[in-house]
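Breakdown of the fold
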Amino acid sequence: MYSSGKLVIFSAPSGSGKTTIVRHLLKKNPKLEFSISATSRDPRGQEKDGVDYHFLSTEEFRSRIDKGEFLEWEEVYAGTYYGTLRSEVSRIWDKGGHVAFDIDVVGGLNLKSHFGRRALAVYVKAPSMEILEQRLRNRGTDSEEKIVQRLAKAEEESLREPEFDITIVNDDLDRACQEAEDKIGAFLNG
Ligand code: 5GP
């Protein structure tokens, strides 16, 4: 798995607009490819195995942990595992690409400490907690209890922002996408 490939890690509290920014960059940069995480949860809605996630049973997930197949993994929710397979990075690097990750703050920083300067760790955030709260409410997909939970998690995650290489403030989506394009472009070409 040693090539000239690089890694761009996007982590952010839920509601920050991170996924939209990552999708924009994947469209703009053909050498950037998405690392498909593995999870032990069931597919939701239109999600497809091998596209959105590698959906594994809990037993299969645990057995792959034991075999050392993960670069990082976490039990994000009680009984539900998520992780990055080593094979994802080699799959993309072997093709001459760069890897993009859309994962949570703890997993993102674990990957950064593993890959060091080959990785750019990007923290995406809303301009303020008030705006994040507004966005979560406007999305209309979460119950009040879930919103409170997500805000508490966001507060906790924000404490680790200084450990990231760069922060992008999603004040305006078009502007934030352009800033991400410029900064990630400079890193990949540097
Ligand atoms: P969801 O179930 O909503 O798709 O994801 C739940 C959480 O798991 C999100 O915070 C997401 O960022 C995180 N996640 C997704 N893939 C990975 C992964 O490969 N590793 C880690 N550590 N977290 C992940």
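Since the structure is predicted, the reported quantities are computational estimates derived from the model, not experimental observations.

A word on the environment of Arg64. If you trace the backbone, Arg64 turns up in helix H2 (residues 58-66). Relative accessible area serves as the criterion here: at 22%, Arg64 is assigned to the partly exposed category. Residues Arg64 and Phe10 lie 54 residues apart in sequence; the distance between their C-alpha atoms is 24 Å. Each residue touching Arg64, except ones within four places of it in the same chain, is listed here: Leu56, Glu69, Phe70 and Leu85.

For the rest of this paragraph, the subject is the site of the ligand. As a matter of local geometry, the ligand sits amid 15 residues, with Ser37, Tyr53, Glu72, Glu74 and Tyr82 nearest to it. A distance of 3.0 Å separates an oxygen atom of the ligand from a polar atom in the side chain of Arg44. A distance of 3.1 Å is found between an oxygen atom of the ligand and a backbone nitrogen or oxygen belonging to Asp104. In isolation the ligand has 510 Å² of accessible area, and contact with the protein removes 85% of it. When residues of the shell around the ligand are traced back to their parent elements, those giving at least two are strand S5 (70-77) and strand S6 (80-85). It is S5 that contributes the most residues to the shell around the ligand, 4 residues altogether. Of the residues belonging to the shell around the ligand, the class tally is 5 nonpolar, 4 polar and 6 charged.

Turning next to the packing of aromatic side chains. If you walk through the whole model with that rule in mind, you get 7 aromatic pairs. With a centroid separation of 5.8 Å and 75° between ring planes, the pair formed by Trp93 and Phe115 is classed as edge-to-face. Here the residue Trp93 occupies a position in helix H3 (residues 86-94), and Phe115 occupies one in helix H4 (residues 105-115), the gap between them amounting to 22 residues. We classify Phe115 as buried; its relative accessible area is 12%. Joined through ring pairs, the aromatic side chains of Phe61, Phe70, Trp73 and Tyr81 make up one cluster. Over the ring of Trp93 we find Arg118, and its NZ or CZ is 4.3 Å from the ring centre.

About the thresholds
Along every chain, residues carry numbers that run from 1 in the direction the sequence is written. Reporting of local features is limited, given that this is a predicted model, to residues whose pLDDT is at least 70; pairs of side-chain atoms are given and counted only at 80 or more, and all residues count toward the totals for whole chains, interfaces and linings. Note that water and hydrogens are dropped before the side-chain values are worked out from all heavy atoms of the structure. The way it works is that DSSP assigns letters per residue, a run of H or I at least four long becomes a helix, a run of E at least two long becomes a strand, and they are numbered from the N terminus. Exposure categories follow from relative accessible area, calculated using a 1.4 Å probe and restricted to protein chains: below 20% of the type maximum is buried, above 50% is exposed, and the middle band is partly exposed. The criterion used for residue contact is that any of the two residues' heavy atoms lie within 4.5 Å. Being near a molecule or strand, for a residue, comes down to having at least one heavy atom within 4 Å of it. Polar contacts, as counted here, are pairs of nitrogen or oxygen atoms within 3.5 Å of one another; within protein the pair requires one atom able to donate a hydrogen and one able to accept it, and residues that are adjacent in sequence qualify only if both atoms are side-chain atoms. Residue-level accessible areas treat just the shown protein chains as cover; the underlying method is Shrake-Rupley with a 1.4 Å probe. All residues other than Ala, Val, Leu, Ile, Met, Phe, Trp, Tyr, Cys, Pro, Asp, Glu, Lys and Arg, Gly among them, are scored as polar; the first ten of these are nonpolar and the last four charged. Aromatic contacts are taken between Phe, Tyr and Trp rings whose centres are within 6.5 Å, Trp giving its six-membered ring; a plane angle under 30 degrees counts as stacked, one over 60 as edge-to-face, and the others as tilted. When the NZ atom of lysine or the CZ atom of arginine is within 6 Å of a ring's centre and also within 35 degrees of its normal, the charge is said to sit over that ring.

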